[in-house]
Amino acid sequence: TSTIEVPKGRTEKEIGKGLLEANIETRDEQNFLGSCPKCGEGRLMIRSGRFGRFAACDKYPACKTTVSLPAKGKITAIEDRCEACKGMMIQIRPPKRGPQKVCVNHQCPSKKLTKEEEKMEKPCPACAEAKRDGKLIVRTSIYGRFLGCTKYPACRHSERLEGEQKEKEQNE
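Below is a short write-up of the structure. This structure is a prediction, so every number in the text was calculated from the model and none was measured.

What counts as what
- Residues numbered from 1 in each chain as written.
- Predicted model: local features only at pLDDT ≥ 70, side-chain atom pairs only at ≥ 80, totals over all residues.
- Heavy atoms only, no water.
- Helix = DSSP H or I, 4+ residues; strand = E, 2+ residues; numbered from the N terminus.
- Rg over C-alpha atoms; globule rule 2.2 N^0.38 Å.
- Buried < 20%, exposed > 50% of the residue type's maximum accessible area, 1.4 Å probe, protein only.
- Contact = heavy atoms within 4.5 Å.
- Pairing = 2+ DSSP bridges.
- Axes fitted to C-alpha atoms, helices over the stretch in contact; angles between N-to-C directions.

**A look at the overall build of the protein chain**
Phase 1 of the analysis: Helices and strands together make up the secondary structure of the protein chain, namely four helices and eleven strands.
Phase 2 of the analysis: Taken over C-alpha atoms, the radius of gyration comes to 22 Å for the protein chain, far larger than the 16 Å a tight globule of 172 residues would show.
Phase 3 of the analysis: The principal-axis extents of the C-alpha atoms in the protein chain amount to approximately 75 × 45 × 35 Å.
Phase 4 of the analysis: Taking all 172 residues of the protein chain together, the buried fraction comes to 26%.

**Looking at the side chain of T65**
Phase 1 of the analysis: When you line up the elements, T65 lands in the loop between β3 (52-57) and β4 (66-68).
Phase 2 of the analysis: With a relative accessible area of 6%, T65 lands in the buried category.
Phase 3 of the analysis: Beyond its immediate sequence surroundings of up to four residues, T65 is in contact with C36, P37, K38, L44, A55, A56 and C57.

**What about the sheet that holds strand β11 (residues 158-160)?**
Phase 1 of the analysis: The four strands are arranged β8-β9-β10-β11 in an open sheet whose pairing can be described as antiparallel. Strands at the two margins of the open sheet, each flanked by one partner only, are β8 (121-123) and β11. Mean inter-strand twist for the sheet, computed between neighbouring axes without regard to direction, equals 40 degrees.
Phase 2 of the analysis: In terms of strand pairing, strand β9 (residues 135-141) meets strand β10 (residues 144-149) through six bridges, oriented antiparallel. What sits directly across from S141, in β10, is G144.

**Describing unusual backbone geometry**
Phase 1 of the analysis: With an omega of 10 degrees, the peptide bond running from Y60 to P61 counts as cis.
Phase 2 of the analysis: Tracing the backbone through its elements, the reader meets P61 in the loop between β3 and β4.
Phase 3 of the analysis: For the bond from Y152 to P153, the omega torsion is 10 degrees, close enough to zero to count as cis.
Phase 4 of the analysis: Relative to the helices and strands, P153 resides in the loop between β10 and β11.

**Quick look at the environment of N105**
Phase 1 of the analysis: Within the secondary structure, N105 is located in the loop between β7 (100-103) and α2 (115-119).
Phase 2 of the analysis: For N105, the contacting residues outside a window of four places in its chain are C85 and K111.

**Details of the pairing of strand β6 (residues 88-93)**
Phase 1 of the analysis: Of the pairings in the sheet, the one linking strand β5 (residues 74-81) to β6 comprises five bridges and is antiparallel in character. Counterpart to I75 in the pairing with β6 is I92.
Phase 2 of the analysis: Between the end of β5 and the start of β6, which pair antiparallel, lie six residues, with K86 showing a positive phi angle near 65 degrees.
Phase 3 of the analysis: Bridge analysis of β6 against β7 gives four bridges, and the strand direction is antiparallel. Within β7, the position partnered with I92 by the bridge is Q100.
Phase 4 of the analysis: The turn joining β6 and β7, which pair antiparallel and follow one another in sequence, is formed by six residues; a positive phi near 65 degrees is taken by K96.

Pasting the structure below:
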C-alpha cells in the first residue's frame, strides 16, 4: 500500500476539514430540487426518513413544507412547470424504465379523477383466472393514473389507461 504525503504547510486536520466541506457541498448540490414554493426563502432538499424519501424546506422549523417522493429511482430537478397548477416538477428515472416528468403538488388538478374515470370499471383478468371477483378501477399514483385491481394486495394486476399512454407518447 502507498501513503499520501501531506503538502507542506497543511496539517491532516486542515485537509480533512476541506474534504468534509467539499463532501457536504456536493451532497447539497445533488439533493437540491428548487426554491420552496411556500416561503420562497428556503430550498427544497431531498431527505430520507422512516417512511421513505421526501423533499423538505431547509428553513425548518420556520417553514414546514414537505413533499413525498417515490421510494425508488433517481430524482432530479427540472425547470419545467406543471401546465395544470404551475407547480414544481421533477424528473424521476425509475429502475429499468425511462425518465418521467412528475408534478410534486398532490392537489394538482391533473391528478384528480374525472367523473367518467370514477365510474370506469372492468373485470380483472388475473382474478378471473384465480376465480376471484376482482375488478379493475382507476387508481392514481405520483406517476399518474392507471387501472388497478380492487383485490390489491392479493392481486397486483394493473394496466395502463389509454389516455395516459397517449399523453406519455406525446411528451417524448
